[in-house]
Amino acid sequence: IPVDAFDLVIFGGTGDLARRKILPGLFRRFLSGQMTEDSRIIGAARSDMDADGFRQLVRDAIAEFGGAESKEAEAIDKFAARLDYVSIDAKGEGGWSDLAGKVRDGVVKAFYFSVAPSLFGDLAERLHLHHIADAESRIVVEKPFGRDLESARALNQSLAEHFQESQIYRIDHYLGKETVQNLMAIRFGNVLFEPLWNNHYVDHIQITVAETVGVGGRGSYYDKAGAMRDMVQNHLMQLLCLIAMEPPNKFEADEVRTEKLKVIRALQPVDHHHIVRGQYDKDGDEPSYREDAENPRSFTESFVAMKVGIDNWRWAGVPFYMRTGKKLKSRASEIAVVFKDLGHSIFEGDEARHRNILAIRLQPNEGIDLQVTIKEPGPGGMRLIDVPLDMTFSEALQLEADEAPDAYERLIMDVIRGNQTLFMRGDEVEAAWAWTDPIINGWEARNDVPKLYDQGSAGPDDALMLMHRDGRRWRDIK
Ligand code: NAD
């Protein structure tokens, strides 16, 4: 379904994120007819170039990152005709009156801040001063949204000076993933799961976001952040919220976000015995984390695993185990809801523990599978085995792998539609930092040294122990 005509200004339109994700994504929405021919995209960045230069940059970006669509020469020409460019300085006056002359009235006006967060306040102020944005305009801001509670508050305040909360779209691209939205459909669209979704039936929950890449080219940036700030405070926290939240009254922005906020506020502080930090070690010619980060004395974590509790009626006593890291054995992200054992088995000789597990896979092969126990086929008597009921979306819905829109495209279309459900509200972000800050401050105060782990492993042994101590184990990351 096409969205309303829009003018989308991308500040930082020549940057890495714009070239890799935003612009090829918009082209796919153009190809699908969702972005109509009366909409326009205006690049705005410091680079000195004209509209033709920007069109060429976008063509190159589509060729490099656009996948199969990069062959659609005629459509690329039409898309390029919808592009414009302004050379602008976020901190100065250059380019602003030029931009004011280009943005049209009578269409949806959206401004994507794909620049360093230190420029967010300047952009908001100048959009206001030059009367480019109005009360209906939307702004989209990228992570990192602060590095602690204090800086996140300052960012929120600088945006709030010129924009209402209803105009601000804080992107967490994990919320744009098909499976993550499907998690809500599964929970709240079926009678099967919600009655079991509590401490009577759930033993524990595991959230894993494992990457095979190191910090490579962005080592110096990453070294100031670490896995806790870069992944846990935002992405893993959002996944945790969606799994744990109470059913919202409606699938609407503030209803959903209020329920998520309640989860964050109910998170127990994490005891330092329940958290493991790691750094990847050198592996032959493969550099160590410290070499990648160009900081031989770095104490920053490239891996973190933790056990968290939620202080509310539904989840009392159910541990949530979360882990994320770089240079691990595979690129695999999933949420697994591990149900309790059957209290009693009626089948003779069945000593194995059979457990139902609902695994929500974010990658690879986005999909959901439910581990169920059945009889082993054949004449061997009543022997039980566990099999997955696989609901891989691309197979179930017969979609081509690259037919499903990428998280960024989906979220940008939501901005144009004015739907904030999948964007973080300011108070959610602040609450997440309020929970994260004491953990990070504790590490700093204790001069905590991360444990080294082998590249291609599942993280430091202490992370395995975190679950073994409780008589549980991490699911294998294949
Ligand atoms: P980048 O360094 O590649 O690009 C920065 C862009 O900002 C360029 O277009 C540059 O011209 C513009 N810019 C810089 N200073 C400016 C100024 N004073 N006035 C106007 N324009 C200015 O950065 P990036 O990797 O594209 O990241 C952009 C934002 O997105 C950052 O906040 C980053 O943290 C965030 N982000 C990036 C990624 C990614 O994969 N690259 C992922 C998530 C979030």
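Conventions adopted
- Residues numbered from 1 in each chain as written.
- Predicted model: local features only at pLDDT ≥ 70, side-chain atom pairs only at ≥ 80, totals over all residues.
- Heavy atoms only, no water.
- Near = heavy atom within 4 Å.
- Polar contact = N/O pair within 3.5 Å; in protein donor to acceptor, adjacent residues only side chain to side chain.
- Areas by Shrake-Rupley, 256 points an atom, 1.4 Å probe, with all protein chains shown as cover.
- Helix = DSSP H or I, 4+ residues; strand = E, 2+ residues; numbered from the N terminus.
- Axes fitted to C-alpha atoms, helices over the stretch in contact; angles between N-to-C directions.
- Parallel < 35°, antiparallel > 145°, perpendicular 65-115°, else oblique.
- Contact = heavy atoms within 4.5 Å.
- Nonpolar A, V, L, I, M, F, W, Y, C, P; charged D, E, K, R; others polar.
- Buried < 20%, exposed > 50% of the residue type's maximum accessible area, 1.4 Å probe, protein only.
- Pairing = 2+ DSSP bridges.
- Core = buried A, V, L, I, M, F, W, Y, C linked by side-chain atoms within 4.5 Å.
- Domains from an automatic or database assignment.

> Explain the site of the ligand to me, and be specific about the residues and the numbers.
For the ligand, the set of nearby residues contains 20 residues, the closest of which are Thr-14, Asp-16, Leu-17, Arg-20 and Val-115. Within the contact set of the ligand, an oxygen atom lies 3.1 Å away from a backbone nitrogen or oxygen of Lys-143. Burial of the ligand by the surrounding chains reaches 74%, relative to a free accessible area of 830 Å². When residues in the shell around the ligand are grouped by element, the largest group, 3 residues, is from helix α1 (residues 16-31).

> Explain the packing of α1 against helix α2 (residues 51-65) to me, using residue names and the numbers behind them.
The N-to-C vectors of α1 and α2 enclose an angle of 95°; their axes lie 9 Å apart at closest approach. By the criterion of interaxial angle, the relationship of α1 to α2 is roughly perpendicular. On the side of α1, the interface is formed by Arg-19, Arg-20, Leu-23, Pro-24 and Phe-27, while α2 contributes Phe-54, Leu-57, Val-58, Ala-61, Ile-62 and Phe-65. A class-by-class count of the residues in the contact of α1 with α2 yields 9 nonpolar, no polar and 2 charged.

> Quick one: what's the story with the side chain of Asp-203, residue by residue and with numbers?
On the secondary structure map, Asp-203 appears in strand β7 (residues 202-210). Residue class for Asp-203 comes out buried when judged on its relative accessible area of 13%. Only 2.7 Å separates the side chain of Asp-203 from the side chain of His-204, close enough to count as a polar contact. Only 2.7 Å separates the side chain of Asp-203 from the side chain of Arg-472, close enough to count as a polar contact. For Asp-203, the residues in contact, after removing those within four places along its chain, are Val-318, Pro-319, Val-338, Phe-339, Lys-340, Arg-355 and Arg-472.

> Let's hear about unusual backbone geometry: which residues, and what values?
Geometrically, the link from Lys-143 to Pro-144 is a cis peptide bond, its omega value of 0° lying close to zero. Relative to the helices and strands, Pro-144 resides in the loop between β5 (138-141) and α6 (149-160). Of the consecutive residues Gln-363 and Pro-364, the connecting peptide bond is found in the cis state with omega at -10°. Take Pro-364: it is sitting in the loop between β12 (357-363) and β13 (367-375). The phi torsion at His-131 lies on the positive side, around 55°, for a residue other than glycine. Relative accessible area serves as the criterion here: at 70%, His-131 is assigned to the exposed category. The residue Lys-327 is not glycine, and still its phi comes out positive at about 55°. Relative to the elements of secondary structure, Lys-327 occurs in the loop between β10 (320-325) and β11 (332-339).

> Residues and numbers for the sheet that holds strand β2 (residues 40-45), please.
On the basis of which strands lie adjacent, the open sheet formed by 6 strands has the order β3-β2-β1-β4-β5-β6 and parallel pairing. Sheet topology places β3 (83-87) and β6 (168-170) at the edges, where each strand pairs with a single neighbour. Going across the sheet, the axis of each strand differs from the next one's by a mean of 20°, ignoring polarity. Relative to β3, β2 runs parallel, the two sharing 5 bridges. Bridged to Ile-42 within β3 is Asp-84. On the sheet, α1 packs against β1 (6-11), β2 and β4 (108-113) and is oriented at approximately 170° with respect to β1. Sitting on the sheet, α2 touches β2 and β3, and the angle it makes with β3 is about 120°.

> Give a detailed account of the nonpolar core, specifying residues and quantitative values.
Side chains of a nonpolar character, in soluble globular proteins, are inclined to be buried together. Counting residues in hydrophobic clusters, the biggest one holds 111 residues, and the most contacted among them are Phe-79, Tyr-112, Met-306, Phe-320, Leu-358 and Trp-435. Summarising the domain contributions, this core has at least three residues from each of domain 1 (6-142) and domain 2 (175-468). Setting aside chain neighbours within four positions, we find Met-306 in contact with Met-228, Val-232, Val-270, His-274, Ile-275, Phe-320, Tyr-321, Met-322, Trp-435 and Leu-466. Counting residues in each nonpolar core, the second largest holds 31 residues, with Val-9, Leu-119, Leu-123 and Ala-152 among its members.

> So what about the environment of Phe-188? Which residues, and what values?
When you line up the elements, Phe-188 lands in helix α7 (residues 178-189). Residues Phe-188 and Asp-89 lie 99 residues apart in sequence; the distance between their C-alpha atoms is 46 Å. Sequence-distant contacts of Phe-188, defined by excluding residues within four places in its chain, comprise Glu-194, Met-245, Glu-246, Pro-247 and Pro-248.

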